[in-house]
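Structural description and commentary
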Amino acid sequence: AQTVTQSQPEMSVQEAETVTLSCTYDTSESNYYLFWYKQPPSRQMILVIRQEAYKQQNATENRFSVNFQKAAKSFSLKISDSQLGDTAMYFCAFMRGGSGSRLTFGEGTQLTVNP
Amino acid sequence: DAGVIQSPRHEVTEMGQEVTLRCKPISGHNSLFWYRQTMMRGLELLIYFNNNVPIDDSGMPEDRFSAKMPNASFSTLKIQPSEPRDSAVYFCASTQGTSQPQHFGDGTRLSIL
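One structure accompanies this document, and this report is about it.

1. Quick notes on the packing of aromatic side chains
Residues and elements named next belong to chain A. Counting across every chain of the model gives 15 aromatic pairs over all chains. A ring pair is formed by Tyr 25 and Phe 94, whose centres lie 6.2 Å apart and whose planes are at 35°; its orientation type is tilted. Within this pair, whereas Tyr 25 is found in strand S4 (residues 24-26), its partner Phe 94 is found in strand S10 (residues 88-96), the two being separated by 69 residues in sequence. You'll find Tyr 25 and Phe 94 in the same group, each marked buried.

Written as structure tokens, this is what we have:
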């Protein structure tokens, strides 16, 4: 079974600064995918970024980037130039490769961006 | 394009009543997932369907819970009889093919009094 751990229940950052959210996972699978989802107070689950385990290059989406360390089973999210709208709960998630595989979520990190 | 559509958005009912949650996945998506989110247990998978067939229902907590997917565009999650501990946010998500990210609906907040 896979496990995902987010060790930071809460974090805060000043607007325009950079913040990094941590995530570690445990799996024996070789083919898998990792995701960060954002859940603002509206409770929508919004995909932020994804990473294929077979790719060495770290994924980037505008102000969001990841640091994927496969050997260490670490998958951190960096948010640059933080904006007030980034305030949300952030979930790290693991998905085994293959059709219709489930997501296994971490506990979440509540990020607050302060003006 | 329309996303995953869930209804109702909120449901408040008394214990013992039957509750039915509904989901319309994104057109063309062949996998559908039901998740439950609570403060105590976080986000957990209840059941998922592939091509309308239930693949894994090991997360369904009890026989009081049942889910169906009669066609590619509709799924229901039913709780009968409901109990206060069923209070949670229930999400439906869908995806297309292998390794694609899941797209979530806005969730149903269920309160059982």
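2. Notes on the state of the cysteines
All names here are of chain A. Counting across every chain of the model gives 2 disulfides over all chains. At a sulfur-sulfur separation of 2.0 Å, the disulfide partner of Cys 23 is Cys 92. Taking the torsion about the sulfur-sulfur bond, which here is approximately -70°, the covalent link between Cys 23 and Cys 92 counts as left-handed. Here Cys 92 lies in strand S10 and Cys 23 lies in the loop between strand S3 (19-21) and S4, a separation of 69 residues in the sequence. By relative accessible area, which is 1% here, Cys 92 ends up buried.

3. Observations regarding the interface of chain B and chain A
Contacts between the two partners involve 25 residues from chain B and, on the opposite side, 19 residues from chain A. Counting each side, the surface lost to burial between chain B and chain A is near 1,900 Å², with a carbon and sulfur contribution of 50%. Per-residue buried area on chain B facing chain A is highest for B:Leu43, B:Ser99 and B:Phe104; these three make up 28% of the total on that side. Summed over the shared surface of chain B and chain A, the number is 1 salt bridge. Listed by contribution, the elements that provide at least two residues to the side of chain B that touches chain A are strand S4 (31-38), strand S5 (42-50), strand S9 (88-95) and strand S11 (108-112) of chain B. In the side of chain B that touches chain A, the residues fall into 9 nonpolar, 12 polar and 4 charged.

4. Some details on the layout of surface pockets
Of the voids in this model, the largest pocket is the one considered here, and its volume is about 520 Å³. What lines the largest pocket is a set of 24 residues, among which A:Gln39, A:Phe91, B:Gln37, B:Thr38 and B:Met39 lie closest to the centre. Put simply, the parts of the chain that give the lining of the largest pocket at least two residues each are S10 of chain A together with S4, S5, S9 and S11 of chain B. Among the residues forming the lining of the largest pocket, the class breakdown is 11 nonpolar, 8 polar and 5 charged. Here the second largest pocket is characterised by a volume of approximately 160 Å³.

5. Overview of the environment of A:Asn31
Residue and element names in this part refer to chain A. Looking at the secondary structure, you find Asn 31 in the loop between S4 and strand S5 (32-39). Residue classification places Asn 31 among the partly exposed residues on the basis of a relative accessible area of 38%. C-alpha separation for the pair Asn 31 and Arg 96, spaced 65 residues apart in sequence, amounts to 6.3 Å. Apart from the residues lying within four places of it in its own chain, the contact partners of Asn 31 are Arg 96, Gly 97 and Gly 98.

Rules and cut-offs
- Residues numbered from 1 in each chain as written.
- Chains lettered and ligands numbered in written order.
- Predicted model: local features only at pLDDT ≥ 70, side-chain atom pairs only at ≥ 80, totals over all residues.
- Heavy atoms only, no water.
- Phe/Tyr/Trp six-rings, centres within 6.5 Å; stacked < 30°, edge-to-face > 60°.
- Helix = DSSP H or I, 4+ residues; strand = E, 2+ residues; numbered from the N terminus.
- Buried < 20%, exposed > 50% of the residue type's maximum accessible area, 1.4 Å probe, protein only.
- Disulfide = S-S within 2.5 Å.
- Contact = heavy atoms within 4.5 Å.
- Buried area = accessible area lost by both parts, 1.4 Å probe.
- Salt bridge = Lys/Arg side-chain N within 4 Å of Asp/Glu carboxyl O.
- Nonpolar A, V, L, I, M, F, W, Y, C, P; charged D, E, K, R; others polar.
- 1 Å grid on protein atoms, 1.4 Å probe; cavity = no way out; pocket = protein on both sides within 12 Å on 5 of 7 lines; lining within 4 Å.
- Points joined across faces, edges and corners; volume = space filled by probe spheres on them.

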